[in-house]
Amino acid sequence: MLSWHKHTATGTERGMAVREQRHLAIADSDFAWLRLAIVLVTGMALLVGMIRVGSPMVWLIIGIAAVYAVANSFLDLHRRFRSIFTYRTYAFLDLLLITLLVYFTGGQNSPLFLLYGIPLSIAVLRYGADAGAAYCLVTTALYSSAVLFHGLNGTFHWLTQIGLLWALYLVMAYVYYSDDTRQDKARRRDELGALHRAAAAPIHTGDIPTVIGNILSGALSATNCCWAAVYLYEEKDDRFTDCYSLSCSDLDSDVKHETPWVAPSDILYTVIYTNSPRNTQDLLSDKRFQNSVLNNGIIRSAVIMPMFAPGAKRVGVFVLGREEPHRVSQHELRFASTLAVQAAVSIHTAFLFEEAKTIEAAKEADKLRSQLLGTVSHELRTPIAAIQGFASSLKCADEVEIPKEMQQDWINEIEQNAERLRRLVTDLLDLSRLESGALRMQMEWQDMNDVLDELAPDLQMIAEGRNLVVQVSDTLPLIKCDAERIGQVLRNLVENARKFSPPGSNIVVGAERYENGIRVGVLDEGEGIPPEYHDKIFERFFQIEGASFRPQKGTGLGLAICRNIVEAHGGRIWVESSPGKGSIFYFTLPVTGS
């Protein structure tokens with residue numbers, strides 16, 4: 001005879017309202033069993049003679065109470081007749097049965113007065129201090145009536161008992177409000193955290209799925225709902241294009257993305273067209289949701305909020321759902337509305353970031369394309385013109401007497417310019433394959449001394465007119481690398497050193513142990529490189545302007561190729577230089593490679 005049943009759904013209801021009803025960790029159906037247990041204990045106490053009662057009325061009341069409790073436990077009357085058996089009905093029946101037991105077991109002398117305290121505690125903790133106060137008032141009236149009808153017998157300690165009941169109420173109310181304050185603070189902290197995550201999402205991550213995932217996970221953490229979703233709307237096509245959803249069971253996984261088919265009659269269109277929220281206590285019994293995509297078997301109740309970006313741009317709808325029927329409070333609606341507004345702004349911002357990235361990437365691509373065309377066309381023009389000129393002259397060799405030595409010089413010039421064209425095309429293809437990952441490194445264990453010994457003749461030829469010096473440590477470890485590609489790096493660096501250093505100067509190639517691998521360096525005695533260009537020179541097509549930096553023409557691809565090859569090995573490349581003091585290009589190779 002202890003619990004009150006709610007007219008709303010059973011089960012633990014995890015709400016967002018500031019003053020939402022508190023729940024004990026006991027289901028409504030369990031309260032009926034608790035009532036039955038108290039009735040049986042009371043009957044046993046009477047049976048063993050703790051209270052001697054001659055009237056059979058007590059046993060009749062106990063029997064009625066037992067039938068009443070069993071009917072609730074087995075027949076589930078509070079579900080079948082919800083409109084009749086409300087929590088107020090149960091509260092009145094509980095108090096009536098306790099009062100009758102007190103009356104027939106001694107009035108103010110009955111120890112069963114203590115039974116009033118159990119439902120009082122449940123009333124305060126489950127329904128709040130206001131419900132507990134109402135319970136105490138009704139209890140005071142019923143108990144006073146029972147005592148007066150039974151007879152005072154010259155004693156008034158029943159007033160003390162009522163005072164003790166009210167004292168119990170004050171203690172329970174204090175506990176309730178203390179718990180209420182703690183839960184309110186925790187709830188506000190979670191709600192502010194969800195709003196902060198929604199606002200900061202596009203700043204930290206610009207991509208749409210990550211932004212929406214942060215919003216949905218924050219919403220679930222703050223509201224304890226079981227499911228949250230964002231349906232994105234495309235105004236141009238007048239349809240919902242994407243659905244991102246997340247459930248409590250998948251908080252640690254990625255947000256689920258799918259392309260939904262939303263019927264024109266779906267309530268989602270009503271929300272987006274009218275810019276007004278919708279909510280339902282039970283999807284199954286609400287005709288508006290019969291053909292909705294929300295009727296997916298996951299949720300039973302839902303709050304649907306429109307999402308509009310600044311400038312009245314329709315972004316989509318925001319949905320929060322529960323797995324059980326639930327009556328939405330005003331606080332829940334306000335918080336869901338605030339979160340939907342912030343989500344709309346964040347998603348719209350993320351879209352703008354993506355558009356900006358696309359525009360920036362297109363501009364960069366146009367810039368690189370123009371740079372490529374300008375550089376390649378310039379580099380192609382000179383050798384092609386030379387080949388064409390010498391070839392035309394050779395065609396006239398039979399008509400005009402040209403010395404054999406001159407003809408041979410022209411043929412050599414044609415070969416050199418053809419080689420220049422071949423290297424330009426090869427560099428372009430190598431760089432393209434390196435950047436796309438199509439060029440795989442053939443990694444094998446190598447001794448750097450052997451690699452440099454094999455490269456020495458090529459490096460001597462490339463460093464024509466300069467003094468090439470090779471200095472290698474005797475304690476170098478074996479490294480796993482692609483010897484051919486490392487050779488390509490050294491050729492490019494030595495050629496770069498020759499281009500930008502005066503004839504007769506020194507070019508030093510060295511290798512030494514360095515951290516977990518080796519470090520290779522190429523030193524020249526050229527003009528040096530200003531600090532602001534130390535990083536840019538490794539970008540493709542970049543060349544330092546000025547006569548002192550460009551004594552010879554180049555494509556600007558050599559150092560970019562070096563960087564990609566070294567990074568493919570798991571190493572890094574950099575330059576140490578200052579104007580007028582030459583340059584040292586370093587690159588590292590780890591022992592085990594990439």
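Structure first, text after, so check above.
Here goes a summary of the coordinates provided. (Residues numbered from 1 in each chain as written. Predicted model: local features only at pLDDT ≥ 70, side-chain atom pairs only at ≥ 80, totals over all residues. Heavy atoms only, no water.)

**Quick word on the overall build of the protein chain**
What counts is decided by this rule: Numbering of helices and strands runs from the N terminus; a helix is a DSSP stretch of H or I covering at least four residues, while a strand is a stretch of E covering at least two. Each residue gets one of three labels from its accessible area relative to the maximum for its type: buried under 20%, exposed over 50%, partly exposed in between, using a 1.4 Å probe on protein chains only. All accessible-area figures derive from a Shrake-Rupley calculation using a 1.4 Å probe, and residue coverage is judged against the displayed protein chains alone.
When you go through the protein chain residue by residue, the secondary structure sums to 14 helices and 13 strands. Counting every position in the protein chain, which comprises 594 residues, the buried fraction comes to 47%. Counting every atom, the protein chain has about 30200 Å² of accessible surface; 56% of that belongs to carbon and sulfur.

**Quick notes on the packing of helix H12 (residues 448-462) against helix H13 (residues 483-499)**
Stated precisely, the cut-off is as follows: The convention used is that axes are lines fitted to C-alpha atoms, helices contributing only their stretch in contact, and that angles between N-to-C directions extend from 0 to 180 degrees. Note on terminology: angles under 35 degrees are roughly parallel, angles over 145 are roughly antiparallel, angles of 65 to 115 are roughly perpendicular, and the others are oblique. Take the far helix as the reference: if the near one is turned anticlockwise from it by less than a right angle, the crossing is left-handed, and if turned clockwise, right-handed. What makes two residues a contact is simply this: any of their non-hydrogen atoms within 4.5 Å. Here the nonpolar group is Ala, Val, Leu, Ile, Met, Phe, Trp, Tyr, Cys and Pro; Asp, Glu, Lys and Arg are the charged ones; every other residue, Gly included, is treated as polar.
Relative orientation of the contacting elements H12 and H13 amounts to 40 degrees, with a least axis distance of 10 Å. Between H12 and H13, the angle falls in the class oblique. Along this stretch, H12 crosses H13, giving a crossing that reads as right-handed. The residues of H13 that touch H12, namely those facing Met448, Val451, Leu452, Leu455, Asp458, Leu459 and Ile462, are Ala483, Ile486, Gly487, Leu490, Arg491, Val494, Glu495 and Arg498. Classifying every residue of the contact of H12 with H13 by side-chain character gives 10 nonpolar, one polar and four charged.

**Here's the deal with the environment of leucine 152**
When you line up the elements, leucine 152 lands in the loop between helix H6 (129-150) and helix H7 (157-204). A sequence separation of 43 residues divides leucine 152 from asparagine 109, and the C-alpha atoms of the two residues are 9.8 Å apart. Not counting residues within four places of it along the chain, the set of residues in contact with leucine 152 comprises Gln108, Val147 and Trp158.

**Comments concerning the sheet that holds strand S4 (residues 278-280)**
What counts here: A pair of strands is treated as paired once DSSP finds two or more bridges between them.
The strand order across the open sheet built from six strands is S3-S2-S1-S6-S5-S4, with neighbouring strands paired in antiparallel fashion. The open sheet has two edge strands with one neighbour each: strand S3 (256-258) and S4. Direction aside, the axes of adjacent strands within the sheet are offset by 15 degrees on average. Most of the contacts of helix H8 (residues 208-223) go to strand S2 (residues 239-247), to which it runs at about 50 degrees, and overall it touches strand S1 (227-234), S2 and strand S6 (313-322).

**Here's the deal with H8**
As a reminder, the rule being used: Each residue after the first adds 1.5 Å to the expected span of a helix.
End to end, H8 covers 23 Å across 16 residues, agreeing with the expected 22 Å (1.5 Å per residue, within 8%). Taking burial as the measure, the 16 residues of H8 include 12 buried ones, the bulk of the element. Of the residues one or two after H8, asparagine 224 is the one with positive phi, at around 60 degrees.

**Description of the sheet that holds strand S10 (residues 506-514)**
Across the sheet, five strands lie side by side as S8-S10-S11-S13-S12; this open sheet has mixed pairing. Taken across any chain shown, the strands that pair with only one partner, and hence form the sheet edges, are strand S8 (467-472) and strand S12 (573-577). In this sheet, adjacent strand axes meet at a mean angle of 15 degrees when their direction is disregarded. Pairing of S12 with strand S13 (residues 583-590) involves five bridges; the strand directions are antiparallel. Bridging across to S13, valine 575 finds its partner in phenylalanine 585.

**Quick look at a negative patch on the surface**
Stated formally: Within this analysis, patches are made of residues with over 30% relative accessible area and no salt bridge. Like charges are joined at 9 Å or less; nonpolar side chains (Val, Leu, Ile, Met, Phe, Trp, Tyr) at 5 Å or less. For this analysis, a salt bridge means a side-chain nitrogen from Lys or Arg found within 4 Å of a carboxyl oxygen belonging to Asp or Glu. A residue counts as positive if it is Lys or Arg and as negative if it is Asp or Glu; His and the chain ends are not included. Taken as the charge centre is NZ of Lys, CZ of Arg, CG of Asp or CD of Glu, depending on the residue.
Taken together, Glu360, Glu364, Asp535 and Glu539 make up a surface patch of like negative charges. Relative to the helices and strands, aspartate 535 resides in the loop between strand S11 (517-524) and helix H14 (558-568).

**Here's the deal with the pattern of salt bridges**
In this structure the tally under the stated criterion is seven salt bridges. Arginine 239 is the partner of aspartate 237 in a salt bridge, and the nearest nitrogen-oxygen pair spans 3.9 Å. Residue arginine 322 pairs with glutamate 324 through a salt bridge whose shortest N-O separation is 3.9 Å. If you follow the salt bridges from partner to partner, you end up with Arg322, Glu324 and Glu332 in one network.

**Side note on the packing of H13 against H14**
One can describe the packing of H13 onto H14 by two numbers: an axis separation of 9 Å at closest approach and a directional angle of 150 degrees. Taken together, the axes of H13 and H14 are roughly antiparallel relative to one another. When the axes of H13 and H14 are compared, the crossing they make is left-handed. Between H13 and H14, the contacting residues are Arg485, Gln488, Val489, Asn492, Leu493 and Asn496 on the first element and Gly558, Leu559, Ile561, Cys562, Ile565 and Val566 on the second.

**Looking at a nonpolar patch on the surface**
A cluster of nonpolar side chains, namely Phe92, Leu96 and Leu100, defines an oily patch on the protein surface of about 230 Å² accessible area. In this fold, leucine 100 is placed in helix H4 (residues 87-104).

**Some words on H14**
For H14, the complete set of buried residues consists of Leu559, Ala560, Ile561, Cys562, Asn564, Ile565 and Val566. The elements touched by buried residues of H14 are helix H11 (404-436), H13, S12 and S13. Remark: glycine 570 follows H14 within two positions and exhibits a positive phi of approximately 90 degrees.

**Looking at the packing of aromatic side chains**
Put simply, the rule is: Note on ring pairs: Phe, Tyr and Trp rings are taken, using the six-membered ring of Trp, and paired if centres are within 6.5 Å. Classes follow the plane angle, with under 30 degrees stacked, over 60 edge-to-face and the rest tilted. Whether a charge sits over a ring depends on NZ of Lys or CZ of Arg being within 6 Å of the ring centre and within 35 degrees of the ring normal.
Tallied over the entire structure, the rule returns seven aromatic pairs. Relative to tyrosine 169, the ring of tryptophan 166 has its centre 5.8 Å away and its plane inclined at 85 degrees; by these criteria the two rings are edge-to-face. With tryptophan 166 and tyrosine 169 both in helix H7 and three residues apart, the pair spans about one turn of that helix. Residue tyrosine 169 is classed as buried on the basis of its relative accessible area, which comes to 11%. Lying across the ring of tyrosine 586, arginine 519 places its NZ or CZ 4.4 Å from the centre.

**Examining the nonpolar core**
This is how the line gets drawn: What we call a nonpolar core is a set of buried Ala, Val, Leu, Ile, Met, Phe, Trp, Tyr and Cys residues that are connected through their side-chain atoms within 4.5 Å.
Judged by nonpolar contacts, the single largest core of 44 residues is most densely connected at Met448, Leu490, Leu493, Val522, Ile537, Phe585 and Phe587. Once residues within four sequence positions are removed from consideration, leucine 493 is found in contact with Val522, Leu559, Cys562, Phe585 and Phe587. With 32 residues, the next largest nonpolar core counts Leu216, Val230, Val255 and Ala309 among its residues.

**Examining the pairing of S6**
In terms of burial, S6 is a largely internal element, eight of the 10 residues being buried. Pairing of strand S5 (residues 301-309) with S6 involves nine bridges; the strand directions are antiparallel. The residue bridging methionine 305 from the neighbouring strand is phenylalanine 318, located in S6.

Any link to function would need more than the numbers given here.
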